Amino acid sequence: MAEIIDGKKISTELKDDVRAEVKALKEKGVTISLAVILVGQDPASTVYVNNKKKACEYTGIKSVSYELPEDTTEEKLLGLIDQLNNDPDINGILVQLPLPKHISEKAVIGRISPDKDVDGFHPESVGRLSIGEPGFVSCTPAGIIELLKRSGVEIAGKHAVVIGRSNIVGKPMAMLLLRENATVTVCHSKTKNIKELTKQGDILIAAVGKPRMIDASYVKEGAVVIDVGIHRTGEGKKLCGDVDFESVEPVAGMITPVPGGVGPMTIAGLMKNCLEAAKMNLSQE
């Protein structure tokens with residue numbers, strides 16, 4: 001039976017580390033502030049934003065909230081981002097996705113200053129990651145690296161297989177694993193003989209976006225399995241991931257559950273990015 005990786009416990013450890021550093025900075029007169037922008041009333045987005053606000057409160061980071069109506073124009077949203085970019089009291093800017101259809105996500109992400117891009121989505125942030133320069137990393141992949149390290153998983157020299165190539169998880173995840181000296185294979189919808197490849201993975205990261213797609217037939221005996229997916233299925237709308245937990249758990253060496261695995265790490269990763277933004281700002285003064 002696989003060892004269950006407790007994302008809630010590890011995310012609390014990471015947030016406690018952030019909280020200690022935030023407290024030390026406060027004692028020197030430095031306050032860290034995160035601006036959170038929510039456009040519209042998407043129920044899932046509202047839940048995520050509230051969770052981020054709670055994490056800010058826990059770590060001592062000031063949360064400045066902007067809740068805009070669904071019909072907010074792109075021009076108005078970009079104007080608010082410009083204002084926050086120029087506000088020296090704001091360390092990080094987060095625009096909750098998805099945005100209403102009339103607003104371009106690409107334009108919004110590109111407008112946030114790379115020095116305040118705590119989501120790690122700006123093209124410059126992605127470029128910095130790809131060439132090994134310091135910068136912000138997308139919160140979910142960054143959280144997964146913390147999850148692996150704090151669970152005692154050796155990454156260097158291991159074969160890591162990432163299923164999925166999204167800009168938010170798959171691609172940055174592969175680059176982060178390379179940075180940690182893993183040998184990385186990326187599988188996607190056009191990959192042939194996918195199971196042959198995934199069964200070679202010492203570390204298997206499922207970010208495919210399909211409920212319970214990854215069963216035991218994809219997994220190498222004793223592999224570390226990280227499930228990024230989150231879906232509500234069935235009549236009771238029970239949460240599940242991309243991994244069929246019941247099938248994979250007897251085969252894997254370690255596995256993350258859904259919920260309580262990767263999810264809490266994403267928000268802890270965001271808190272760490274906010275702290276790094278403030279430290280970077282101090283070093284430039």
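Calculation criteria
- Residues numbered from 1 in each chain as written.
- Predicted model: local features only at pLDDT ≥ 70, side-chain atom pairs only at ≥ 80, totals over all residues.
- Heavy atoms only, no water.
- Helix = DSSP H or I, 4+ residues; strand = E, 2+ residues; numbered from the N terminus.
- Rg over C-alpha atoms; globule rule 2.2 N^0.38 Å.
- Buried < 20%, exposed > 50% of the residue type's maximum accessible area, 1.4 Å probe, protein only.
- Contact = heavy atoms within 4.5 Å.
- Pairing = 2+ DSSP bridges.
- Right-handed = clockwise from strand over helix to strand, strands pointing away.
- Salt bridge = Lys/Arg side-chain N within 4 Å of Asp/Glu carboxyl O.
- Phe/Tyr/Trp six-rings, centres within 6.5 Å; stacked < 30°, edge-to-face > 60°.
- Lys NZ or Arg CZ within 6 Å of the ring centre and 35° of its normal.
- Core = buried A, V, L, I, M, F, W, Y, C linked by side-chain atoms within 4.5 Å.
- Axes fitted to C-alpha atoms, helices over the stretch in contact; angles between N-to-C directions.
- Parallel < 35°, antiparallel > 145°, perpendicular 65-115°, else oblique.
- Nonpolar A, V, L, I, M, F, W, Y, C, P; charged D, E, K, R; others polar.
- 1 Å grid on protein atoms, 1.4 Å probe; cavity = no way out; pocket = protein on both sides within 12 Å on 5 of 7 lines; lining within 4 Å.
- Points joined across faces, edges and corners; volume = space filled by probe spheres on them.

Our focus in this paragraph is the overall build of the protein chain. Check the secondary structure of the protein chain and you find 10 helices and 11 strands. On C-alpha atoms alone, the protein chain measures out to a radius of gyration of 19 Å, which is about the 19 Å that the 2.2 N^0.38 rule sets for 285 residues. Burial status across the protein chain gives 48% buried among its 285 residues. Within the protein chain, counting contacts between residues at least 6 apart in sequence, those at least 24 apart form 70% of the total.

Of the strand pairs in this sheet, strand S2 (residues 33-39) and strand S3 (residues 62-68) are connected by seven bridges, and their pairing is parallel. Considered in S3, the bridge of valine 36 is made with serine 65. Remark: the S2/helix H2 (residues 43-59)/S3 crossover connection has right-handed handedness.

Position of lysine 23 among the secondary structure elements: in helix H1 (residues 7-27). Separated by 37 residues in the primary sequence, lysine 23 and glycine 60 place their C-alpha atoms 7.1 Å from one another.

This part is about the pattern of salt bridges. On inspection of all chains with the given rule, the structure shows 15 salt bridges. Residue glutamate 146 pairs with arginine 150 through a salt bridge whose shortest N-O separation is 2.7 Å. Of this pair, glutamate 146 and arginine 150 both sit in helix H6 (residues 139-150), four residues apart, which is roughly one turn of that helix. Residue arginine 150 is classed as partly exposed on the basis of its relative accessible area of 32%. Among the charged side chains, a network of salt bridges with common partners joins Lys9, Glu13, Asp17, Glu146, Arg150 and Lys272.

This part is about the packing of aromatic side chains. Taken as a whole and judged by the stated rule, the model has zero aromatic pairs. Over the ring of tyrosine 58 we find lysine 15, and its NZ or CZ is 5.4 Å from the ring centre. Between arginine 19 and the ring centre of tyrosine 58, over which it is positioned, the NZ or CZ distance is 4.2 Å.

Let us now look at the nonpolar core. Among the nonpolar cores identified, the biggest contains 28 residues, and Ile144, Leu148, Leu177, Ile203, Ile205, Val224 and Ile226 are the most heavily contacted of them. Every element with two or more residues in this core is listed here: H1, H6, strand S5 (159-163), helix H7 (170-179), strand S7 (203-206), strand S8 (224-227) and helix H10 (262-284). In terms of residue count, H6 provides more of this core than any other element does, four residues in total. Residues within four places of leucine 177 in sequence aside, it is in contact with Ile145, Leu148, Ile155, Ala160, Val162, Ala182, Val184 and Ile205.

Another aspect to go through is the sheet that holds strand S6 (residues 183-187). The strand order S1-S11-S8-S7-S5-S6 describes an open sheet built from six strands, whose pairing is parallel. The two strands at the open ends of the sheet, each matched to only one other strand, are strand S1 (3-4) and S6. Inspection of the sheet shows S8 paired to strand S11 (residues 254-255) by two bridges, in the parallel sense. Paired with valine 225 across the two strands is isoleucine 255, which belongs to S11. Along the sheet face, H6 touches S7 and S8 and points at about 150 degrees away from the line of S8. Of the strands in this sheet, S5, S6 and S7 touch H7, which is tilted by about 170 degrees from S5.

Take the packing of H1 against H2 next. At their nearest, the axes of H1 and H2 sit 8 Å apart, and the two run at 50 degrees to each other. As summarised for this structure, H1 and H2 are arranged oblique, according to the angle between their axes. Between H1 and H2, the residues in contact are Thr12, Lys15, Asp16, Val18, Arg19 and Val22 and Ala55, Tyr58 and Thr59, respectively. The residue makeup of the contact of H1 with H2, split by class, is four nonpolar, two polar and three charged.

The calculated volume of the largest pocket comes to roughly 1400 Å³. Along its surface, the largest pocket is lined by 48 residues, and Tyr48, Thr140, Ile230, Gly263 and Thr266 are the ones closest to its centre. Elements with a minimum of two residues in the lining of the largest pocket: H1, H2, strand S4 (92-95), H6, strand S9 (231-233) and H10. Space inside the second largest pocket adds up to approximately 470 Å³. Along its surface, the second largest pocket is lined by 21 residues, and Gly135, Val137, Arg179, Lys272 and Asn273 are the ones closest to its centre. Secondary structure elements with two or more residues in the lining of the second largest pocket: H6, H7 and H10.

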